[in-house]
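# Structural overview
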Amino acid sequence: MSFNILLHSALTLITACQQQQPLQKDSQPPIIHLDAIKLHARIREWSYPKNGITVPTSAPALLWPGTNGKSMIFPMESGSEVPEDPNIGNVVYKVILAGDKDFKKDVIAGTAQRWTVYPLHQRLKPGHWFWKYAYMLKNSNKWTWSPVYDFVVDKNSGGEVSPPVSEVLKRNEGPHPRLWNMSRIGESFYRNNLQNPEAKKFIAYAEKLMQQPLPKEEPMRIIDTTGKTPLEKKKLIERMYHGFGDMVGTPVRNLCIAYQLTKDERFIQNAKKRALNIARMDPNGLATHDDFTSGAVLEALGWFYDAGYQFLSNDEKQLLRNIIKIRAKRVYDNLPNRFELHVSDNHVWQITMRNLAIGTVAVVNEIPEAKEWLTYLYEVWSARFPILGTTDGGWHEGNGYFRVNFKSFIYLSQLFGDFSGVNYFNLPWMQNLPYYMLYTYPPNSMSTAIGDMWENLPNMVKMQAWFADALTYKIENPYLNWYVSEIRKNNPEFFGGTDDLLLFRLLNYNPDRKLPVSSPGNLPKTRAFTDIGVVAMHQDLAHADKSLSSYLFSNPFGSSGHGHASQNAFTINYKGKTIFGGSGYYSNFSDKHNLLYYRTSRAYCTILADSLGQKLGEEGYGWIPRTISGNHIQYALGDASNAYGDIVSEFWLDRFKQIGIKPDKSNGYGDAGVTLYRRHMLQLDGEYVVLYDELEAKNPVKWTTQFHAPYYTILTQQTTRTNQQNFEVKTDLGKITASVFADSSLKLTVHDQFAEPAINWAKVTNDEGKIKEFKSQWHAGITSVPSKTFRFLTIIQIKSDKTDIIKTIADTNGLYHLKVGQWDIQVQLDATKPAALQVSSSAARSLFNYGVLPVQWQGRDYKQIKGSSLLLESGSDKLSHQEVTDTVPDVVKFDYGF
C-alpha cells in the first residue's frame, strides 16, 4: 500500500502551492512507501503550515514560495553579484491570518515586506486558524492572493514566543557599544573577569598581538596555476586568499575584547590602526572581494566601530560607515526573496549572516538602511533556525562541515538573544544537540565518515571541543558535561584560551558554576535522529574508543549541499577507528573526483544497481522507518527506495556542465529502475553486525553491495560456495571479516582504485594547515546475477582476537539457518518468497524477528503484527517486548499533514 505525496514544481506560484496533497491517515499499514518526489525542496515550493495540520508551537512561522511576479523562482546560490532575475528584488508580500476562513475573527494582518517568511511574534489561542499571502511588483498596486491555508493550534502547543521586530529595533537605540549588550553590562563584564584565569591568559596574548605588523593585501599562499582550466584557475586564486579576511579581521576583534576586559586604551588604539588599515583595502580586490573574506572584514569593522566609537574622529566614523555600508549591501542585496527560500544557503548560514548581523547592529542607528537589514535578519532567524534539522539535534550534511557553523550558532544565538530576550539555547533542537554530538562523535573517537570533509575528523578536533564546551554555559545536561570532561582529559591541548569562542565564555563566566556529570553508560545504546536520517548504535557509549559503534544513514534531505548520495549506507567504527565508511577526498565542492566519486553512492557502503548510484539533490532521499534499542540487540531500518534515478536537480546538472561532464551511465548515474531498497541493520552482542537487504527493480539488474575501508587493506578469502563471498579487513585492531550470502551466485571484486582519481590540485590542507596527501583506499564489491528482486545477507565480525566460523545448519527453499558464535540466524534469501529475518541467542536471552517466520521463545508462541519488527529480551526479572512498525519523519507529519 502506498501513501502518495504529489509534488509538481516549476508551476505558477499559486497553482504550485495547491499541488502538495495531504497524506491519508486512515488504516496506516506497518510498511509505508513514500512516493514524494522530494521531502525537502532546495528552494521552497509549498506553503507551510497547511492542510489542517496541528503545529508543534503556538507561534508558528508562516512560509511560502517566492515569485518574480509571474512564476515561482529558483534563485541562484549565494556569492552571485547580480540576481538571476532583476524582478526578484522588486516583489513585495503581505500576509493575513484569522480565526475564520472569512478573515473576520482575530485578524492579524502584516504590512508589505520583501521576504517570504512571517514569524508570529505572539501566542495564538488554541483552535483552527486560516491564512493567506499576496504578492505584487513594487509600485504596481496589484496584489495577487494565494489560496487559503489552514492549521490547528493545540491547547498543549508551547514554545517560546519572540518579541516583534519593533521591540528589537527599540532595544538597539541605545549608545555604543551595543554588541553583546556592552552598553549595559560592560562594567560587570570587566569586573567579573578580573580574576578569570582565561581572561588573564588572553590579555597576555593580546599584548603580543599588538606587536605584529599591519597586514598587507597579498596572498596567504602561492599556488602554481600553470596548465589549469579557467575554472580551476579561478578556484586556485580564491584558495590563495582563503582565510585572508579572518587573518586581518580577527586581531581587531581580539584587541577590542582585550580593551573591554582591561579598559587599557593601548588595545583599542591598536585595534583602531588595524581597522582603518583594512577599511582602506579595495572592496573589489582579490584579497577581500569574495563573500567570506569581505564578510570577515565587515564583521571586524563593525566590532571596532561599536567598541571604539568614542576613539574615532567624525571623518574616521564616516570612512568606516561608508565601507561597512558597501560591504553590508553586497551581502544584503542578494538575500531577500532568495536566501530565506533556500533549504540551506550554506555560506550565509555558516558565516556571512553572522558577519552582516554584527556589522548591522554596530551601525543600526547611523545607516538608515541598517534597520531593514536587522529586521530581515531577525525575521529569518526567528522563522528558520535551525535550518538543517527540526528538533532532533542532528545535522544532515555530516559532522565534517557541521563545525563550520558552530561559531555562528553560538554568537547569533547570543546576539539575537541579547536584544530579543529569547533563550535560543532552549529550542528543542539545541536541547537535543548534545545527544547528537555524543552519539555520532564520541570522545577520543572518529565520527560517522559521511558528508563533505568527513576525512578531516581522524579523531576529536578542536572546534568540536570548543563548541561542546561553549554549550555547557547555556545547556544544563550532565551528559554534555561528561562529554566535555572526557575531551578535556584526552585533549587538554585544545583548551588554550585564545580560540574563536572565548568571548562567549567570557560573557557567561561564572567562577562558581558547578557542572554535574553523568556517564552515558546508562543511556540507550541506540538513538535515532530521524529528521536527518542517522541511527547510532553503540556497544558501550561511555567507551566508544574501546568498543564497537555502527551507524546507518538514510536522509530525508537527500544529497543536498554538503551532504552525499549515501542513503542506506553504513559506517562501522571499532576502538575509535573507522573500519568501514565513506571513501575519497574533499578536494573541491564539485570537481571531477567529487562529482564522479566522493559525493556519490560509489564511495559509500550502500548498493549500486547495474553499477549506477543514487541521484544527487533533494530528490535522492531516504528515511529511517524503524529503530529498536535493546540490551543485546540493536536494530535500525533504512528505506532508500526513492533515492535512485536520473539527476533532475538543476543545481547539480549545472555543476556537471561547469566542468564539462555528463551525469550519464558511463559516469555512474542514471535510472536503473530501482523501486525498493530497505536495509535492516542489527548490531549484536559479541561484536557482530548483520545486514539484510530487500531489493526490487522494474527490470533485472545486477545488484552490488559495497564495502569501503578508508584506512585499512581488504583481502579476499576463499569460499567453496558460489552464493557466499568472504573477505577480511587487515588492521592493527583485531580480526575483522565480512561474509555475504544470497540465493544465487555472487562475484567478489577487491581493489584499491577510485572510480575517478583523487588529485589534490587545489592544495587542500588538513586542520593543522598541512597539505593533504590523497592516498589510495581499499574497496570490495559483491555483485549478483541480473535479478528483478534480490536479497543480500551480510554478517560482519569485528573481533579483538579471532572470528567465528559461520555454520550452515539448514538450507531449504531459500530459507537459510546459519549459526555464528552464540547467534542463530534464519533468513529468507529467495526474493520470490516473503522476506524474513530471525536472529536469536539463548545465551543472550534475546530474539529479533521480522517477516513471516513463527516466533517461539522460551516455551511460548508470540503473535506479531504482519510486517513489523519485534525484539524480545529476557532480563533477570521481566521480559522486554518491543514491536515497531514504520513511522514517518517529522517533515512528512508537519509539511504533509500525515
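The coordinates are above.
As a convention, each chain's residues are numbered from 1 in the sequence order in which they are written. In keeping with the model being predicted, local features are shown solely for residues with a pLDDT of at least 70 and side-chain atom pairs are shown and tallied solely at 80 or more, while totals for entire chains, interfaces and linings include all residues. In computing side-chain properties, one takes all heavy atoms of the structure into account and sets aside hydrogens as well as water.

Attention now goes to the overall build of the chain. Each helix corresponds to a stretch of at least 4 residues labelled H or I by DSSP, and each strand to a stretch of at least 2 residues labelled E; elements are numbered beginning at the N terminus. In terms of regular secondary structure, the chain is built from 20 helices and 36 strands. This radius of gyration counts C-alpha atoms alone. The globule rule is 2.2 Å times how many residues there are, raised to the power 0.38. Taken against the 2.2 N^0.38 rule, which gives 29 Å for 898 residues, the C-alpha radius of gyration of the chain at 28 Å falls within 12% of a compact globule. Across its three principal directions, the C-alpha atoms of the chain cover 90 × 65 × 65 Å. The classification of residues rests on relative accessible area computed with a 1.4 Å probe and restricted to protein chains. Under 20% of the type maximum is buried, over 50% is exposed, and intermediate values are partly exposed. Within the chain, the proportion of its 898 residues that are buried is 61%. Calculation of accessible area relied on Shrake-Rupley with a 1.4 Å probe; when residues are assessed, cover is drawn exclusively from the protein chains displayed. A total accessible area of about 33700 Å² is found for the chain, and carbon and sulfur atoms account for 49% of it. Treating the 97 positive side-chain charges of the chain as one cloud and the 90 negative ones as another, the clouds have centres 1 Å apart. This count recognises Lys and Arg as positive and Asp and Glu as negative, with His and chain-terminal groups excluded. By convention, the charge on Lys lies at NZ, on Arg at CZ, on Asp at CG and on Glu at CD.

Before going further, it helps to examine unusual backbone geometry. The step from Tyr48 to Pro49 runs through a cis peptide bond, and the omega angle for that step is 0°. Along the chain, the position of Pro49 falls in the loop between β2 (33-34) and β3 (53-57). For the bond from His176 to Pro177, the omega torsion is -5°, close enough to zero to count as cis. In this model, Lys763 sits at a positive phi of 55°, which is unusual for a non-glycine residue. Within the secondary structure layout, Lys763 lies in the loop between β25 (746-751) and β26 (778-784).

Looking now at the sheet that holds β25. Strands were regarded as paired on the criterion that DSSP finds at least two bridges between them. Sheet architecture is open: four strands sit in the order β16-β21-β26-β25, paired in antiparallel fashion. The open sheet has two free edges, formed respectively by β16 (607-609) and β25, since each of these has just one partner strand. Mean inter-strand twist for the sheet, computed between neighbouring axes without regard to direction, equals 20°. Pairing of β16 with strand β21 (residues 703-709), which is carried by three bridges, proceeds in the antiparallel orientation. Across the sheet, Ile607 pairs through a bridge with Thr705, a residue of β21. For helices, the fitted axis covers only the stretch in contact; all axes are lines through C-alpha atoms, and the angles between them, taken along N-to-C directions, range from 0 to 180 degrees.

The subject of this paragraph is the packing of aromatic side chains. Put simply, two rings from Phe, Tyr or Trp (the six-membered ring, in Trp's case) pair if the centres are within 6.5 Å, and we call them stacked under 30 degrees between planes, edge-to-face over 60, tilted for the rest. Applying the stated criterion to the full structure yields 56 aromatic pairs. Aromatic side chains Tyr332 and Tyr376 sit 5.6 Å apart centroid to centroid with 85° between the ring planes, which places their arrangement in the edge-to-face category. Placement of the pair is Tyr332 in helix α9 (residues 314-332) and Tyr376 in helix α11 (residues 370-384), with a sequence separation of 44 residues. There is no split in this pair, since Tyr332 and Tyr376 are both buried. Criterion for a charge above a ring: Lys NZ or Arg CZ within 6 Å of the ring centre, and within 35 degrees of the ring normal. The ring of Phe651 carries Arg42 above its face, with NZ or CZ at 3.6 Å from the centroid. The lysine or arginine in question, Arg599, covers the ring of Phe589, its NZ or CZ lying 4.6 Å from the ring centre.

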